Amino acid sequence: QVQLVESGGGLVQAGGSLRLSCAASGRTTFSIYAMGWFRQAPGKEREFVAAIKWSTANTYYADSVKGRFTISRDNAKNTMYLQMNSLKPEDTAVYYCAVCRNSGSYYNPYDYNYWGQGTQVTVSS
């Protein structure tokens, strides 16, 4: 089992920045193929934001956040981060981190095995 705890959400004005963290605990060393961030706004489906392959740190981004968001990880701390800059009101959502245990599509939420509880990000105009 893997437990995930997100933190760092909040209220920020458009153009501002936030940094999300996701700490993984449990049987993490042998279980993580990739980690990802997804978000879900009210009335919308959960959508892919970014992902990082745990062994190589290769990164993948949704077009809507490319150039503004940066995903990273600290292997020693089993922690993943999402630095969000130049935030826009349309970035407002609950952000979830997730673990993918086996190879799959980084973009497909159904390929992820464990999820955090989510953290709210609200960007005011």
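Structural data are supplied above this passage.
Small disclaimer: the values here were computed from a predicted structure and weren't measured.

About the cut-offs
- Residues numbered from 1 in each chain as written.
- Predicted model: local features only at pLDDT ≥ 70, side-chain atom pairs only at ≥ 80, totals over all residues.
- Heavy atoms only, no water.
- Salt bridge = Lys/Arg side-chain N within 4 Å of Asp/Glu carboxyl O.
- Helix = DSSP H or I, 4+ residues; strand = E, 2+ residues; numbered from the N terminus.
- Buried < 20%, exposed > 50% of the residue type's maximum accessible area, 1.4 Å probe, protein only.
- Disulfide = S-S within 2.5 Å.

**Focus: the pattern of salt bridges**
- Enumeration over the complete set of coordinates arrives at 4 salt bridges.
- Note that Arg68 and Asp91 form a salt bridge whose closest N and O atoms lie 2.8 Å from each other. Taken together, the residues span a long stretch of sequence, with Arg68 in the loop between β6 (59–61) and β7 (69–74) and Asp91 in the loop between β8 (79–84) and β9 (93–100) at a distance of 23 residues.
- Note on Asp91: relative accessible area 1%, which makes it buried.
- Salt bridges sharing partners connect three or more residues here, namely Arg39, Glu47, Arg68 and Asp91.

**A closer look at the state of the cysteines**
- Going through the model one piece at a time under the given rule, you end up with 1 disulfide.
- One disulfide bridge connects Cys22 with Cys97, the sulfur atoms lying 2.0 Å from each other. Sign of the S-S torsion, about 55° for the bond between Cys22 and Cys97, identifies this disulfide as right-handed. Here Cys22 is found in strand β3 (residues 18–26), whereas its partner Cys97 is found in strand β9, with 75 residues between them in sequence. For the pair Cys22 and Cys97, a shared accessibility class is recorded, and that class is buried.
- Cys97 supplies the cysteine sulfur nearest to Cys100, a cysteine that is in no disulfide, at a spacing of 13 Å.
- A relative accessible area of 2% means that Cys100 is categorised as buried.

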